[in-house]
Amino acid sequence: MSWDIEKIKTDLNGDIGGASSLDMLEAVRLKYLGKKGLVQSIYAALSSAGPEEKKSLGKGANDIKTLAEALIAERKKSLVTQSQRRDAIDVSIPGVGRVVGTQHLITQTVEEICQVFERMGFVLQQGPEIETEFNNFSALNIPLDHPSRDSFDTFYLDQPDPEAAGRYLLLRSHTSPGQVRVMQHNKPPLAVIIPGKVYRPDALDASHSFMFHQIEGLLVDKHVTFADLKGLLTSFCRKYFGPDVKMRFRPHFFPFTEPSAEVDIQSNIFKGREGKWLEILGCGMVHPKVFASAGYPEGEYTGLAFGLGVERIAMLKHGIGDIRTFVENDMRFLKQF
Ligand code: PHE
């Protein structure tokens, strides 16, 4: 067998250059310097070589050995530094901040509004989102032929009401059934605030959503008057929207209150809508028929009730133009509050 020393040196250089990892470099070392490697094979061949050949071949094998050892050591060094550099911590790179969640703007608004009433002595209550037709309509003096009972205005479930034959359960379309539940289980005097989600089959657009939030208020005692209602809501508006808020009670109709009103306010905290009259709630004196369906004795109590629209108030207060932004979970929106 003849050995081309120069070609082996060229191959060695190529192999070293191609070794891109320490494992690959070890394979190269074994190929040239291992027990069964090329250098050992050349030494083994020396015994059968002639004297001249023995001399040049021996020198060639020694040269390859020295060269391989040097090149491998050098390559190893650079591979090690490379991998260390990859693992090292670069303290100049800006850190990755941990994203801390915040309360949703609707939750914040509900809490802020409820706190104002809680400070005035109202007790927080909660009612279920699935209601009976009785609590959502009948007990609130809403007649059977009232348009709000229509399936275009209320989500009915395909679940029959176990307590009323032929009637179906529904998703409450306002928080007023909370009033009914409170009165069924409590005797006056009582003052409650009932926040919650309500549902209506409205087509989704900038100002309508099939789900939104209301806050219901109810106060019942022996001599509650319309003056109490005006005083209470005026002091709420001053606390929540600022002492300079202008407000007006505009006559309205609700089957479950008599007389009824809607409250409009003008406030300079309403971004872009300053100076305009904007409706924020419905209210009135509890209708005697509502007391009757709660089982309260006739003529004994009077009460006031109101219902606030949470999305509307949050939109006015923060200059939000589209109700859909509340449910889109866009971080750029959520982070602002
Ligand atoms: N439930 C009424 C609505 O959804 C609001 C309201 C509540 C009005 C209580 C009067 C009293 O529009």
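Up top is the structure.
Since the structure is predicted, the reported quantities are computational estimates derived from the model, not experimental observations.

Participant: Would you take a moment to explain helix 3 (residues 38-46) for this structure?
Facilitator: Residues lying three or four places apart along an α-helix face the same way, a consequence of the helix completing one turn every 3.6 residues. What helix 3 keeps buried is the set Val39, Ile42 and Leu46. One side of helix 3 holds all its buried residues, which, seen down the axis, span an arc of 60 degrees. Tucked inside the fold, the buried residues of helix 3 contact helix 1 (5-18), helix 2 (22-33) and helix 4 (51-87).

Participant: Is there a simple way to think about the side chain of His213 in this case?
Facilitator: With respect to the helices and strands, His213 occurs in strand 6 (residues 211-221). Side chain to side chain, His213 and Glu311 meet in a polar contact 2.7 Å long. If we skip the residues at most four places from it in the chain, His213 touches Ile106, Gly196, Lys197, Leu308, Gly309, Val310 and Glu311.

Participant: Even after reading the chapter, I still don't get the packing of helix 5 (residues 105-119) against helix 10 (residues 310-318), so can you show me in this structure?
Facilitator: For any two helices packed against each other, the geometry comes down to the angle between their axes and how far apart the axes lie. In the contact formed by helix 5 and helix 10, the axes pass within 10 Å of each other and the chain directions differ by 100 degrees. With respect to each other, helix 5 and helix 10 are oriented roughly perpendicular. Listed contacts from helix 10 to Leu105, Ile106, Thr109, Val110, Glu112 and Ile113 of helix 5 are Val310, Glu311, Ile313, Ala314, Lys317 and His318. Here the residues of the contact of helix 5 with helix 10 sort into seven nonpolar, two polar and three charged.

Participant: It is not clear to me how the environment of Glu279 should be interpreted in this structure. Could you clarify?
Facilitator: Among the secondary structure elements, Glu279 is positioned in strand 9 (residues 278-286). Residues Glu279 and Arg248, 31 residues apart in the sequence, show an inter-C-alpha distance of 9.4 Å. Excluding residues that lie within four positions of it along the chain, Glu279 makes contacts with Arg250, Glu262, Val263, Asp264 and Arg312.

Participant: How should I be thinking about the sheet that holds strand 1 (residues 123-124) in this particular structure?
Facilitator: Strands in a sheet are paired, the pairing made by backbone hydrogen bonds, and the direction either parallel or antiparallel. Overall, mixed pairing links the seven strands, which are arranged 1-5-6-10-9-8-7 in an open sheet. Of all the strands in the sheet, just strand 1 and strand 7 (246-254) have a single pairing partner and so form its edges. One ladder, built from seven bridges, connects strand 8 (residues 257-266) with strand 9; its direction is antiparallel. Looking across to strand 9, one finds that Glu262 is bridged to Gly282. Across the sheet, helix 8 (residues 226-241) lies against strand 7, strand 8, strand 9 and strand 10 (302-309), angled at about 150 degrees from strand 9, the strand it touches most. Against the sheet, helix 10 engages strand 6, strand 9 and strand 10, with an angle of about 55 degrees to strand 10.

The rules behind each value
Residues numbered from 1 in each chain as written. Predicted model: local features only at pLDDT ≥ 70, side-chain atom pairs only at ≥ 80, totals over all residues. Heavy atoms only, no water. Buried < 20%, exposed > 50% of the residue type's maximum accessible area, 1.4 Å probe, protein only. Helix = DSSP H or I, 4+ residues; strand = E, 2+ residues; numbered from the N terminus. Arc of directions from axis to C-beta. Contact = heavy atoms within 4.5 Å. Polar contact = N/O pair within 3.5 Å; in protein donor to acceptor, adjacent residues only side chain to side chain. Axes fitted to C-alpha atoms, helices over the stretch in contact; angles between N-to-C directions. Parallel < 35°, antiparallel > 145°, perpendicular 65-115°, else oblique. Nonpolar A, V, L, I, M, F, W, Y, C, P; charged D, E, K, R; others polar. Pairing = 2+ DSSP bridges.

Any link to function would need more than the numbers given here.
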